Amino acid sequence: MAETVPARVEEPKFQPYVPPDEVRPEFTFRAIFFGGLFGILFGAVTVYVGLRAGLTVSASIPIAVLSISVLRALGKASILENNIVQTAGSAGESVAGGVIFTLPALIFLGFPLEYARIFLLAFIGGWLGVLFMIPLRRQLIVKEHGNLLYPEGTACADVLIAGDKGGSFASRVFAGLGLGALYTFFQNEYMFKVWPSTPTYTPSWYPGSSVRANTTSEYLGVGYIIGPRIAGVIFAGGVFAWLVVMPAIKFFGSHVTGAIFPGTMPIADMGPDDIYRAYIRPMGAGAVAAAGLITLLRTIPTIVNALRAGAKDLARGAGAAAGLRRTDRDLDLKWALFGSGILLVLMWALLTFKPILHAETSAANNFFAAILVVVFGFLFVTVSSRITGLIGSSSNPISGMAIATLMATCAMFLVMGWTGTAFSALAITIGGVVCIASANAGNTSQDLKTGFLVGATPAKQQMALMVGVTVSVVAIGMTLGLMNAGLESFRSANIAIDVQHPPVGVSEYSGKFDRQTVPVSASAGGAATQQSVQGMPLYTAINSPTVPNGYYFYNPQSQKFEVQWIQGIGSDSASAPQAQLMATVINGILQRRLPWGLILLGVFMVVAVELLGIRSLSFAVGFYLSIATTLAIFAGGVVRWLVESRTRKTGGTVEESEVSPGSLYSSGLIAAGGIVGLLGMVIKVLEGKHWLPDNAIAWGPKLGFIANHDIFANILAVIMFGLLAASLYHFARKPLESDKK
C-alpha cells in the first residue's frame, strides 16, 4: 500500500498510464537482455552513420517499436518492460553521438585511437550523464511537466501506450530493414558491388566542380527524417562548396605556377578531390566552429535559466522532495555522489597510470582535468536536459557545448603555460567526457519523461540506463576501430624532408604500426600494389606550412615521405566533421598553427548565411561534407516533400512525426545500411589481413557489361537508388495497420 507524500510537497495533477500503486513486470532479465542488445546494435549504427553523415537521429522510437514486437512474440509483455528495453537501448545511440563528435579528434591531433581508452572515456562520460541527472529528475521531469515537453520522450510514450493497447508499428520498420539490407548488399563497395556506390559526373566544361551521390539507404533515410527544410539547407552548403567555391578556386588559381598553402601542388594540377581536401575542409572547419558558437549563444538565456532552476532545486534538497510512491523512487543521491567520485578517480588513474604514449601529464595536471570534468559536466548536463525538454534532442547543441568546454579549457591551459602536445590530448579528453555526459543526459531526460508518462519506476530506469551505457560502449569502441581500419588507404607521396630538422608541425608518430607491407595506390580508387614499409618510420604532419596534414612513412634512403597513410576516420568516406572541428579549436588555441585565412573565410560565410535568416549550422555541416553525402541526404528530403505535397492535394493532414509510416520505414533503412555496411567493413579488414582473398564476395566487377562501361554503371546506380526512393514514397503513403483500425 503506497504511503502519501508529505503535505509540503505539491504533486503535479497528473496520473500516469500505469498507476503508482500498480505493480507490473519491469526490470526483468529479458527486458535488460534485449535493451542491451539494441544498445549494442544502435550504438554501432550511430557510429557508422554519424561519422559518415555528420549527424545522428534518435533511436528511442525504433527501439520501442521493435521491443513491442519482439516481447509480444515471446509472450505477454508489460508496457514497463518495453520501456526498460527502449531506455537501455537508446543509451547506446546517445553515448555514440557524444563519442564520435569528440574522441576521433585524437587521430587529427596525431595520437592513436586506442580501444581501451575509448571504452573507458565513453563509460565514464555515459555514467556521469546518468548520475548527474538523478538529483535533477524531480525538478525537470516532474515539477516542470507542463513547461518542458521533451518531444521525443512524449512521442515514445505514445508508441508504448499504443502498443500496450494492441497497436503495432513494427512491420514498417522491418520492411525498411529488409529492403534496405537487400539493396545495400548489392550497392556497398565492400559487399557485392554490383553497381558503383557513388555515381559521379565531373564536367570538363566546368573545371573544379563535380556532382556525385553516395547512394546509400542510410542517407536516404536520414534525409527523410530530418525533412526537406534541413536537408535542403545541408545540400545548399554542398552546392556552394562544390559548384561555386571550388570552381572559383580552380579558375583563379590555375594561373599561379606554385602551390598555395595549405595545398602542396599547383591548383592547375588539382582535381576536385584535391581542392576539396586542401581548401574546402579548412573553410568548412571555420564555418562549423562559428555556426556552433552562434547556436550556443542563442541558447544562453536557456542555459542561465537552467542553471538557476537546478541550483534552487539542489538547495531545497532533492532527497527531501522524493516521495515513497513507486513512481517517485530515484536511486539514492548518496550512491549517485559516491559513483561520480569513483568515476572521477578512475579518470584520474587512467590519465596518470595509462597516459597516451608521449602525451604524459603530471598527477596534478590530471587532478585539475578531473575537476574540470565535474564543473563543466554538471553545468552542461543541466543545460542539455533543459534544452532537450524545450526543443528536443535533435536540436540540442552538443557540439557547441563541447566547443565551449574546449575553448575554456584551452584558455586556462594557455594562461598556465600548458601548451605542449600532451595538453592537446588532455584537452580533448576533458571535452570528450563532458560531451558524452551531456549527450547522454539529454537522452536520459527523454527516457525519464517517457517513464513519467507511462508510470515507470525512475530508479529502475536509471539502472537500465547504466546497463545500456556499459554494454554499448563495448560496441562503440569496436566500431570506431573497425571503421578506422576498414576505410583506411595508402597513397603514393613524394615529399622531400629533413627529419633531423623537420618543419614546424612535423613530428614522429607516437603510436605503433606493426605491418610490414601495405597496399599503395597512386590516386583515390586506383589500383593498389603491395609495398614494403619495413624500416620506414612513421611521421605526422599537423598544420605544417610545407606538408599536408596526415601520416607519412619516411624512407631514409631517398630522404622523402614516400607513402601517406590515410586513416579511415577523417577520410572522404568518414569525414567526422565535428571531431575535425574539435582538433581545429585545440590547435588554434594551444599551438596557434592554423590556415587562418581559410578559417576566417568559413567564419564570415556563416555570418552572411545568418544575416539571410538561415540557421547556419546545417549549412556549415553541408559545406564541410562531401557533396556525395549531402546530395543523397537531400534525395530523402525530396521524398518527404513529395509525400507531404501529395497528402495535402488529397485533402489529408500533414502530421509527419517520428511514428509516421515514412519515418518508421526510414529508421529501418538507416539500421539496414549501418548493419550491412559494418559487415562490409569486417570483410574488408579480413581481406587486408589476407584471411580472405581480395574482393572475396564482390562479384559485381566480374560483370564486364557493367564494369567496363562507366556511364552505364552510373546510370544503373541512379536507377536503383531511385527505386529505393520510390519504395520509401510508397510505404510513407501507405497507412499503418494501427491507423487503419
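Counting restarts for each chain, with residues numbered from 1 along the sequence as it is written. The predicted origin of the model limits local features to residues at a pLDDT of at least 70 and limits the giving and counting of side-chain atom pairs to 80 or more, whereas totals for whole chains, interfaces and linings rest on all residues. As a rule here, side-chain values cover all heavy atoms of the structure and leave hydrogens and water aside.

A. Just the overall build of the protein, in detail. To qualify as a helix, a DSSP run of H or I must reach at least 4 residues; to qualify as a strand, a run of E must reach at least 2; elements of each kind are numbered from the N terminus. In terms of helices and strands, the protein carries 25 helices and nine strands. Over its C-alpha trace the protein gives a radius of gyration of 26 Å, about what one expects of a compact globule, namely 27 Å for 741 residues. For the protein, the C-alpha atoms occupy an extent of roughly 85 × 65 × 55 Å along the three principal directions. We call a residue buried when its accessible area falls under 20% of the maximum for its residue type, exposed when it is over 50%, and partly exposed in between, using a 1.4 Å probe and counting protein chains only. Taking all 741 residues of the protein together, 57% fall into the buried category. In the protein, the share of contacts with a sequence separation of at least 24, taken over all contacts with a separation of at least 6, comes to 81%. Residues counted as positive are Lys and Arg, residues counted as negative are Asp and Glu, and His and the chain ends are not counted. A charge is said to be at NZ when it belongs to Lys, at CZ for Arg, at CG for Asp and at CD for Glu. Mean positive and mean negative side-chain charge positions of the protein (49 and 40 charges, respectively) differ by 4 Å. Each radius of gyration is computed over the set of C-alpha atoms, and the globule rule expresses the reference value as 2.2 Å times the number of residues to the power 0.38. For this analysis, residues touch if any pair of their heavy atoms sits within 4.5 Å.

B. Molecular detail of the environment of alanine 285. Along the chain, alanine 285 falls in helix α10 (residues 272–298). Residues alanine 285 and alanine 620, spaced 335 residues apart in sequence, show a C-alpha to C-alpha distance of 8.3 Å. Setting aside anything within four residues of it in sequence, one finds alanine 285 in contact with Leu581, Thr584, Ile599 and Tyr624.

C. The arrangement of the pairing of strand β5 (residues 517–521) in detail. The criterion for strand pairing is that DSSP finds at least two bridges linking the strands in question. Note that strand β3 (residues 489–496) and β5 share two bridges and pair parallel. Bridging across to β5, phenylalanine 490 finds its partner in valine 520. As judged from the five bridges shared by β5 and strand β6 (residues 528–532), these two strands associate in the antiparallel manner. Its bridge partner lying in β6, valine 520 is registered against threonine 529.

D. Region of interest: the pattern of salt bridges. By definition here, a salt bridge exists when the distance from a side-chain nitrogen of Lys or Arg to a carboxyl oxygen of Asp or Glu is within 4 Å. Within this structure, the stated rule accounts for 14 salt bridges. The partner of aspartate 572 in a salt bridge is arginine 281, and the shortest N-O contact between them spans 3.5 Å. Here aspartate 572, found in the loop between β9 (560–566) and α18 (577–591), pairs with arginine 281, found in helix α10; they are 291 residues apart in sequence, far enough to count as distant. Taking the relative accessible area as the measure of exposure, aspartate 572 reaches 33% and is therefore partly exposed. What makes arginine 281 buried here is its relative accessible area of 10%. Glutamate 644 serves as the salt-bridge partner of arginine 640, at 2.9 Å between the closest nitrogen and oxygen. Of the two residues, arginine 640 and glutamate 644 are both situated in helix α21 (residues 627–649); the distance of four residues between them amounts to about one turn of the helix. Classification of arginine 640 as buried rests on a relative accessible area of 10%. Judged by its relative accessible area of 11%, glutamate 644 falls in the buried class. One salt-bridge network, in which partners are shared between bridges, spans Asp274, Arg277, Arg281 and Asp572.

E. Fine view of the packing of aromatic side chains. The aromatic pairing rule takes the rings of Phe, Tyr and Trp, using the six-membered ring of Trp, and pairs them if the centres are within 6.5 Å, calling planes under 30 degrees apart stacked, those over 60 edge-to-face and the rest tilted. Enumeration according to the criterion identifies 35 aromatic pairs in this entry. Note on phenylalanine 186 and tryptophan 195: the rings are 6.3 Å apart at their centroids and 10° apart in plane angle, and the pair reads as stacked. You can call tryptophan 195 buried: its relative accessible area is 6%. The criterion is that NZ of a Lys, or CZ of an Arg, lies within 6 Å of the ring centre and within 35 degrees of the ring normal, and then a charge sits over that ring. Its end group placed over the ring of tyrosine 224, arginine 640 keeps NZ or CZ at 5.5 Å from the ring centre.

F. Examining helix α13 (residues 333–353) more closely. The span expected for a helix works out to 1.5 Å for each residue beyond the first. Here α13 contains 21 residues, and its C-alpha end-to-end distance of 30 Å stays within 8% of the 30 Å for a straight helix at 1.5 Å per residue. When α13 is considered as a whole, its buried residues turn out to be Ala336, Gly339, Ser340, Leu343, Leu344, Met347, Leu350 and Leu351. In a view along the axis of α13, the buried residues occupy a sector of 135°, so they form one face of it. For α13, the exposed residues lying more than 90 degrees away from the buried face are Lys334, Trp335, Leu337, Phe338, Val345 and Phe353. Along the arc lie the directions from the helix axis toward the C-beta atoms.

G. Focus on the pairing of β9. Of all seven residues in β9, five are buried, a share of seventy percent or more. Bridging between β3 and β9 involves six bridges; their strand directions are antiparallel. Along β9, the bridge assignment pairs serine 492 with valine 563. Pairing between strand β8 (residues 550–555) and β9: five bridges, direction antiparallel. Residue tyrosine 554 lies in a different strand from β9, and its bridge partner there is phenylalanine 561.

H. Layout of the sheet that holds strand β7 (residues 538–541). With mixed pairing, the seven strands of this open sheet are ordered in space as β4-β7-β8-β9-β3-β5-β6. Only two strands of the sheet have a single partner each, and these edge strands are β4 (506–508) and β6. The average undirected angle you get between the axes of adjacent strands in this sheet is 40°. Pairing of β7 with β8 involves four bridges; the strand directions are antiparallel. For threonine 540, the partnering residue across the bridge sits in β8 and is tyrosine 551. Lines fitted to C-alpha atoms define the axes here, with helix axes fitted over just the stretch in contact, and angles between the N-to-C directions of these axes take values from 0 to 180 degrees.

I. Just the packing of helix α9 (residues 217–253) against α10, in detail. At a closest axis distance of 10 Å, the pairing of α9 and α10 adopts a crossing angle of 105°. By the angle between their directions, the pair α9 and α10 is classed as roughly perpendicular. Across from Ala241, Trp242, Val245, Met246, Ile249 and Lys250 in α9, the residues of α10 making contact are Pro272, Asp273, Ile275, Tyr276, Tyr279, Ile280 and Met283. Lys, Arg, Asp and Glu make up the charged group, whereas Ala, Val, Leu, Ile, Met, Phe, Trp, Tyr, Cys and Pro make up the nonpolar group; the residues left over, Gly among them, are polar. Of the residues contributing to the contact of α9 with α10, the split by class is eleven nonpolar, no polar and two charged. Oblique is the label for any angle not under 35 degrees, not over 145, and not in the 65 to 115 range, which are roughly parallel, roughly antiparallel and roughly perpendicular in turn.

J. Main features of the nonpolar core. Residues belong to one nonpolar core when they are buried, are Ala, Val, Leu, Ile, Met, Phe, Trp, Tyr or Cys, and are joined through side-chain atoms within 4.5 Å. Membership of the largest hydrophobic core comes to 205 residues, with the highest contact counts inside it found for Leu51, Val99, Leu128, Phe413, Leu480 and Met483. Per element, the largest residue contribution to this core is 18 residues, and it comes from helix α16 (residues 421–454). In this structure, Val506, Tyr539, Tyr552 and Phe561 belong to the second largest nonpolar core, which totals eleven residues.

K. Here's a closer look at a nonpolar patch on the surface. Only residues whose relative accessible area exceeds 30% and that form no salt bridge enter a patch; like-charged residues are grouped when within 9 Å of one another, and nonpolar side chains (Val, Leu, Ile, Met, Phe, Trp, Tyr) when within 5 Å. Values of accessible area rely on a 1.4 Å probe in the Shrake-Rupley scheme; residue burial ignores everything except the protein chains shown. The grouping of Trp596, Leu600, Phe604, Val607 and Leu611 at the surface amounts to a nonpolar patch, some 540 Å² of accessible area in total. When you line up the elements, phenylalanine 604 lands in helix α19 (residues 596–611).

L. A look at unusual backbone geometry. In this structure, glutamine 559 takes a positive phi of about 55° despite not being glycine. As for its position among the elements, glutamine 559 is in the loop between β8 and β9. In this structure, alanine 576 takes a positive phi of about 45° despite not being glycine. Mapped onto the fold, alanine 576 is located in the loop between β9 and α18. By relative accessible area, which is 2% here, alanine 576 ends up buried.

M. Structural view of the confidence of the model for the protein. Per-residue confidence for the protein averages 84 on the pLDDT scale, and 91% of its residues sit at or above 70. Per-residue confidence from the prediction method is given by pLDDT, with values spanning 0 to 100. Every residue in residues 1–12 is under pLDDT 50, and counting partners more than four places away or in other chains gives 14 contacts. Low pLDDT (under 50) marks residues 318–323, which in the prediction has ten contacts with non-local residues, meaning those over four places away or in another chain.

N. Structural context of the side chain of threonine 46. Relative to the helices and strands, threonine 46 resides in helix α1 (residues 29–53). Apart from residues no more than four positions distant in its own chain, threonine 46 is found in contact with Leu51, Thr56, Glu93, Ala96, Gly97 and Ile100.

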